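Examining the three-dimensional arrangement
Listed here are the chains, written in short residue letters.
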Amino acid sequence: MPHTLTITQAAELIRSGRLSPVDLLHACFSQIEALDGSLHAWVHVDREGAERSARGLQEELARGLYRGPLHGIPVGIKDIIEVKGLPTAAGANHLYNRVPDEDAAVVARLRRSGAVIPGKTVTTPFACFDPAETRNPWNPDHTPGGSSSGSAAAVAARMCPAALGSQTGGSISRPAAYCGLVGLKPTFGRISLRGILPVSYELDHPGPFTRSVADAAAILQCLAGRDPLDPLSAEVPVDTCRIEPLARLPRVGVIRTYFPDKADATMREATGDAIERLASAGAQFTDVHMPGSFADVHDNHALLLAVGAASVHRERYDAQPDAFPTGLREIMERGRAAAAVDYAMARRHQIAFKSEILAAFEGVDLLLTPATPSPAPSGLASTGNPAFNSPWSYAGLPTIVLPAVCSSDGLPAGIQLVARPFAESRLLSISAWCESRLEWNLTPSILSAD
């Protein structure tokens with residue numbers, strides 16, 4: 001069934017002529033029609049525009065033009081990312097409603113690479129902590145995570161092979177872990193933020209949800225690179241975003257402070273099991289510790305996020321404070337009340353931590369932690385705890401989440417790998433090696449009838 005294919009699998013069939021972009025899109029639309037009434041992953045499905053794009057790409061193939069591994073691949077777009085002609089509501093209903101006349105930089109790059117945009121996926125209000133209506137495909141009584149709720153649920157439910165999300169705290173890593181996906185958060189500045197509604201200019205990262213590391217690499221190779229119209233975009237070669245053969249077996253640093261103490265028994269067992277399997281395949285593990293500045297990371301991250309959100313939404317909040325949901329209103333009030341000196345000290349701490357954390361990589365290729373403190377919590381009143389992910393958003397380091405095991409109650413549990421700045425190639429290469437040893441091949445309960 002085409003909707004179950006990964007990007008890599010579909011690309012091979014499309015290039016060889018055994019699968020058409022139109023047929024793949026129709027299979028994804030059928031999956032959306034079958035499941036989205038219960039999952040609520042999509043806020044806007046652009047059937048006409050996506051169909052037109054897929055037919056154009058199919059005609060290009062007939063003329064011998066193949067744009068690469070994303071040719072004809074449907075990619076969902078989180079609804080804080082602008083898509084020309086489609087409404088952006090940012091999960092905030094009447095507080096924000098914009099129909100852009102051009103694509104965000106990431107969407108423009110996807111289109112140039114041949115991707116098809118089937119529509120916009122649900123986000124929590126202004127990509128913050130108040131839950132959205134989206135449900136977890138593994139168990140609809142559990143959260144899919146936030147704020148990229150719809151993107152993660154759509155990919156997990158096979159409504160599209162990939163989707164874009166964004167992370168300010170843990171909004172790629174956490175939904176990926178809860179939904180049994182690969183979630184890649186690149187280095188800060190690796191991917192352009194132009195055309196994406198910000199939460200915090202110091203913390204925002206766009207990135208993909210996929211079902212394999214190879215697929216995440218394909219998306220990153222498309223999106224990475226300097227954008228001269230984005231002042232936060234980094235001037236770094238994009239050839240550092242590929243999966244390469246490993247010259248030696250991985251050396252991995254296991255963080256033995258904070259993370260194991262805050263993880264529940266399920267996550268400690270899942271992480272230990274993953275480490276055992278990778279060690280038996282030859283990976284070397286070393287205990288590492290965080291610098292002293294780690295103790296203040298979460299408080300300073302929260303302050304930067306609050307000040308950023310208060311700045312972005314200042315006029316909207318002045319006009320309609322009571323229209324903001326409870327969690328977002330608390331963030332706005334904290335940001336507006338923050339003293340300038342406290343903000344300056346948080347920025348100073350962020351810069352220091354970015355430098356000091358590099359010592360943890362001495363003698364190792366990557367760091368490893370549980371992906372989240374627990375599998376997806378029950379109930380829809382919370383999007384879960386981002387505490388294991390926000391330090392890396394704060395430091396701007398590249399991370400990837402890999403599904404590892406299923407808990408006793410049928411929910412995914414994953415590991416999180418962290419690399420040095422702009423070391424995405426090493427991160428992806430080692431992650432691909434780990435993926436092949438972890439052998440994750442489970443599917444959400446909602447797909448059991450497929």
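Now for a description of the structure that goes with this document. (Residues numbered from 1 in each chain as written. Predicted model: local features only at pLDDT ≥ 70, side-chain atom pairs only at ≥ 80, totals over all residues. Heavy atoms only, no water.)

Our next topic: the pairing of strand β6 (residues 205-210). Successive side chains on a regular strand alternate, one facing one side of the sheet and the next facing the other. Taking burial as the measure, the six residues of β6 include six buried ones, the bulk of the element. Where strand β4 (residues 162-167) and β6 come together, five bridges link them in antiparallel fashion. Residue pairing across strands places A163 opposite F209, the latter belonging to β6. In terms of strand pairing, strand β5 (residues 182-185) meets β6 through two bridges, oriented antiparallel. Bridging from a neighbouring strand, V182 pairs with T210 of β6. (Buried < 20%, exposed > 50% of the residue type's maximum accessible area, 1.4 Å probe, protein only. Helix = DSSP H or I, 4+ residues; strand = E, 2+ residues; numbered from the N terminus. Pairing = 2+ DSSP bridges.)

Relative to the assigned elements, D46 resides in the loop between β1 (42-45) and α3 (47-62). With residues near it in sequence (within four places) discarded, D46 still touches F29, L86, P118 and G119. (Contact = heavy atoms within 4.5 Å.)

Overall, the coordinates contain zero disulfides when judged by the stated rule. The closest cysteine sulfur to the non-disulfide-bonded C179 is located on C160, 12 Å from its own sulfur. With no disulfide of its own, C434 has C241 as its nearest cysteine by sulfur position, at a separation of 19 Å. Look at C434 and you get buried, because its relative accessible area is 2%. (Disulfide = S-S within 2.5 Å.)

What follows concerns the layout of surface pockets. Of the volumes computed, that of the largest pocket is approximately 320 Å³. Around the largest pocket, the lining comprises 20 residues; the ones closest to its centre are R158, R211, W440, N441 and L442. Among the secondary structure elements, those contributing two or more residues to the lining of the largest pocket are β10 (399-406) and α15 (424-438). Broken down by class, the residue content of the lining of the largest pocket amounts to ten nonpolar, six polar and four charged. (1 Å grid on protein atoms, 1.4 Å probe; cavity = no way out; pocket = protein on both sides within 12 Å on 5 of 7 lines; lining within 4 Å. Points joined across faces, edges and corners; volume = space filled by probe spheres on them. Nonpolar A, V, L, I, M, F, W, Y, C, P; charged D, E, K, R; others polar.)

On to the pairing of β4. Of all six residues making up β4, six are buried, and the element is well covered by its neighbours. Of the two faces of β4, both are covered, the one formed by A162, L164 and S166 as well as the one formed by A163, G165 and Q167. With three bridges joining them, strand β2 (residues 75-78) and β4 adopt parallel strand pairing. Along β4, the bridge assignment pairs G76 with A163.

This part takes up the packing of helix α10 (residues 297-312) against helix α13 (residues 340-356). Geometrically, a packed helix pair is captured by the angle between its two axes and the distance between the axes. Running from N to C, α10 and α13 point in directions that differ by 125°, and their axes come no closer than 9 Å. On the basis of the axis angle, α10 is oblique to α13. Read as a crossing pair, α10 and α13 show a hand that is left-handed. Contacts between α10 and α13 pair V297, N300, L303, L304 and V307 from the former with D342, Y343, A346, R347, H349, Q350 and F353 from the latter. Split into classes, the residues belonging to the contact of α10 with α13 amount to seven nonpolar, three polar and two charged. (Axes fitted to C-alpha atoms, helices over the stretch in contact; angles between N-to-C directions. Parallel < 35°, antiparallel > 145°, perpendicular 65-115°, else oblique. Left-handed = near helix turned anticlockwise from the far one by under 90°.)

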